[in-house]
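Examining the three-dimensional arrangement
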Amino acid sequence: MNSRLLFPNIEGTEVLFTDEFQEYLLSLHDLLSDRILEARKERIRTVEMVHKNGINVLELPTSEINTTDWQVDSVPDDLKQPGIEISGPAGIASMFINAVNPGPEGERAVGYLDDDEDSGGHSFADTLNSALNRMYSVTGSLRFEDVSRDRVYEIEPGPLPFFMHRERGLHLDEADVTIDGNPVSATILSTALTLFHAGREQINLNQGVYFYLPKLESVEETSIYHDMFEASQELLKLPQNAIIKAIILVESLPTVFRMENMLYALGPYGAGLNAARWDLKASILEYIMADDKSVWPDRFDVDVKTTDFISNIFRRLVAVCLKHGAVAIGGMATALPSRDEEINELAADAIRSDKEWEARQGFLRGWSAHIYHMKTASDPFKEWWSTGWVPPEELKDPANFPLSIDTPIGAITTEGTRRNIRTIIEYVEGWLSGRGAKGIDSMEGREGKRPALMEDLATARISVGQVSQRIIHSAVGQDTEQTHTLGSVRHITDIEIDDILRLRATQFSGEELSAIESRYRASRKITLRWIKNYTDMDFRSLGSYTREDLANIALEPEAF
C-alpha cells in the first residue's frame with residue numbers, strides 16, 4: 001500500500017484497491033485535486049455574485065463556441081436509441097440486477113443509469129459496492145443472495161442495457177479515504193474505480209464507457225472531466241479505439257446559461273445534455289434566495305410542461321443538442337407501483353403524458369425509477385421517433401429559445417410547506433439508514449389515492465430550499481394566512497414527526513420500532529439544521545456530511 005494513501009480495509013478493498021489502481025488514483029489526484037478545490041470556491045463566489053448583481057452575470061460572452069455549428073464527435077449507436085433508462089442506486093446489488101433484467105412485460109430498458117450520486121448512500125462502502133456491481137455486471141456474473149427472503153438475484157441471459165455511470169459530484173469528498181492526510185475527491189475516487197475496473201472490462205468487450213456528469217456549474221468544471229478522461233486514456237494505456245463519452249446533467253442554474261460552452265469543453269468525450277428537473281429547480285431557488293420578488297409557489301404546482309420559462313430552458317437544451325449533433329435526454333418518472341390498480345393507472349396516465357411531451361420536444365429518452373412503469377415511460381419515445389419525425393430547423397436554433405428566470409404561477413400554501421417538511425424528514429430518515437433514495441408519500445395517512453414517489457437527494461434539496469425561502473421572506477400561506485417563520489416551521493416539523501411516529505407505531509413494534517423512532521428523532525434535528533443553513537445562505541449538500549457529523553447534529557441543541 002502506498003504510504004500517501006490511507007483507507008479502511010473493508011469488504012471490497014482487497015479486490016478494487018490493487019497497487020496498480022492506487023498509483024492510478026494518486027496520479028489523478030495530483031493532476032486534478034487543486035483544481036477541484038478552486039472550483040468549489042468559485043461556486044461560492046458565483047452564488048454571492050448573483051445574489052448581489054443578479055442572474056445576468058451568469059451569461060458567457062459571445063464567441064465562436066456559442067454561435068457556430070461545430071459538431072460533437074460521433075455519438076455511439078447505443079446512445080442514439082429512443083426509449084427509457086432505468087435508474088437506481090448502483091451500490092445495492094439486488095436493485096442493480098432488477099434494473100438490468102427484463103421488466104414485467106419482458107422487455108429490458110435500453111439503458112441503465114447506475115447511480116452512485118443522488119440515490120446512492122454516500123459512503124465509502126457504497127462507492128465500493130457500486131464499483132464491484134458495475135464490474136461484475138459487465139460480464140453478467142453479478143449475483144446476490146438475500147438470505148432473509150430466501151431469494152437469489154441473477155442477471156438473466158441476453159443483451160444488457162448500456163450502462164450510464166453516474167459518479168459523485170465535484171462538491172463532495174470521501175472522508176474515509178485520504179491522500180497526504182486530506183480527504184480524496186469523491187469524484188476522482190468513484191470515477192477512477194469505474195474506469196479502472198468496469199470501464200476496462202467494457203472496453204475489452206468493445207463496449208463504450210458512458211458517464212453522466214452531475215452538478216456541473218462551469219466550463220472549468222467540465223474541463224476537469226475532460227482532463228480526467230484524457231489522463232486516464234494514457235495512465236491506463238487504453239487502446240486507441242476505446243470509447244469514453246459523457247452527458248452533462250443540466251441541473252444547476254449556471255449550466256443553463258453555459259450549455260454550449262460546457263458541451264464543447266468535453267471535446268471528444270461530449271455526447272449530450274440531460275434535462276434535470278428537481279435539482280435544477282433547487283439550484284434556481286438557491287440563486288434567487290435573496291430576491292423577495294421571486295418566492296416560488298408550492299413545488300407540486302411547478303410543472304415543467306406548464307411553467308413556460310422552464311419549458312423554454314429545456315427546449316433550448318434540445319436545440320443545443322440538435323445544433324451540435326448531440327443527444328438530449330429527458331427527466332425522471334418517479335412513481336412507484338401500488339397494490340391498488342387505480343393508483344397505478346393514475347401514475348401511468350401522468351407518466352405517459354409527461355413522456356409524450358418530452359418526445360415531441362425532441363428528447364430521445366427519459367428515465368424511470370422503477371421497472372413497473374418502465375414500458376409506460378419508454379413507449380412514447382419509441383413511438384414518436386419511429387414515425388420518422390425530423391426536428392424542424394427552428395427547433396435546432398438555441399436563439400429561438402431565449403433564457404429568462406421567472407417566478408412560476410401558483411399558490412403559496414402552508415400545506416405545501418408541510419408536504420415539503422414531511423418529505424425532508426422522511427428522506428433524511430432514509431439517509432440515516434444508508435439509503436440515498438426512498439419511496440415517500442408526503443400525504444401518507446390522508447384521504448385520496450396517489451402513488452408514492454421514489455425521492456432522491458434532489459427532491460429533499462428543493463424542499464429545503466423552498467421552506468427556507470418562505471422563512472427568509474416571511475411568505476404568507478394563502479390557505480391559512482399564517483406567516484412563515486422559524487417558529488412556525490418548527491411547529492409544523494413537530495406535528496409531522498408526531499404523525500409519522502403514530503403511523504409507524506401501527507406498523508412496527510419492539511426493538512425495531514425503537515430504532516425507527518430514534519432515526520426519526522435524529523432526522524428532525526438534521527432537518528432543522530439543514531433548513532437553518534439555507535436561511536443563512538449556506539447551501540451545503542447533505543452528502544458533504546459524514547455519518548459522524550450527522551450523529552453529532554442529532555446530539556446538539558436544536559438549530560432553531
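All of the points below concern the structure found in this document. It should be emphasised that the depicted structure is a prediction, and the values quoted were computed from it without experimental measurement.

Here's the deal with the overall build of the chain
- Along the backbone of the chain there are 17 helices and 15 strands.
- Dimensions along the principal axes, computed over C-alpha positions, put the chain at roughly 65 × 55 × 50 Å.
- With 560 residues in all, the chain has 59% of them scored as buried.
- Summarising the internal contacts of the chain: among those between residues at least 6 apart in sequence, 79% fall at separations of at least 24.
- Of the roughly 22400 Å² that the chain leaves accessible, carbon and sulfur atoms contribute 49%.
- Charge centroids of the chain, computed over 57 positive and 89 negative side chains, lie 3 Å from each other.

Observations regarding the sheet that holds strand E9 (residues 209-213)
- Strand order around the closed barrel formed by eight strands is E2-E3-E6-E9-E10-E11-E12-E13, with parallel pairing between neighbours. Adjacent strand axes in the sheet meet at a mean angle of 30° when their direction is disregarded.
- In the sheet, strand E3 (residues 111-115) pairs with strand E6 (residues 162-166) via five bridges, with the strands oriented parallel. What sits directly across from Gly111, in E6, is Phe162.
- Packing of helix H6 (residues 219-235) onto the sheet brings it into contact with E9 and strand E10 (244-250), and relative to E10 it is tilted by some 165°.

Looking at unusual backbone geometry
- The residue Asp150 is not glycine, and still its phi comes out positive at about 50°.
- Tracing the backbone through its elements, the reader meets Asp150 in the loop between strand E4 (143-146) and strand E5 (151-154).
- Positive phi values are uncommon outside glycine, yet Glu481 reaches one of about 60°.
- Tracing the backbone through its elements, the reader meets Glu481 in the loop between helix H14 (457-472) and helix H15 (486-505).
- The class for Glu481 is exposed, based on a relative accessible area of 71%.

Observations regarding the environment of Thr506
- Here Thr506 lies in the loop between H15 and helix H16 (510-535).
- One polar contact links the side chain of Thr506 to the main-chain carbonyl oxygen of Leu503, over a distance of 2.5 Å.

Conventions and cut-offs
Within every chain, residues take consecutive numbers counted from 1 along the sequence as written. In keeping with the predicted nature of the model, local features appear solely for residues at pLDDT of at least 70, side-chain atom pairs appear and are counted solely at 80 or more, and the whole-chain, interface and lining totals rest on all residues. Hydrogens and water molecules were not included; the side-chain quantities draw on all heavy atoms of the structure. Strands here are runs of E lasting at least two residues and helices are runs of H or I lasting at least four, both read from the DSSP assignment and numbered beginning at the N terminus. Exposure is judged per residue with a 1.4 Å probe applied to protein chains only, and the accessible area is read against the type maximum: over 50% gives exposed, under 20% gives buried, and values in between give partly exposed. Note on contacts: a residue pair qualifies if any of its non-hydrogen atoms lie within 4.5 Å across the two residues. Per-residue and other accessible areas follow the Shrake-Rupley method at a 1.4 Å probe size, with only the shown protein chains counted as cover for residues. The charge count includes Lys and Arg as positive and Asp and Glu as negative, but it does not include His or the ends of the chains. For charged residues, the charge sits on one atom: NZ in Lys, CZ in Arg, CG in Asp, CD in Glu. Whether two strands pair depends on DSSP finding at least two bridges between them. To get an axis, a line is fitted to the C-alpha atoms, and for a helix only the part in contact is used. The angle between two axes follows their N-to-C directions and goes from 0 to 180 degrees. Under the rule applied, a polar contact is a pair of N or O atoms within 3.5 Å (in protein, one hydrogen donor and one hydrogen acceptor; residues adjacent in sequence only if both atoms are side-chain atoms).

None of this, on its own, says anything about what the molecule does.
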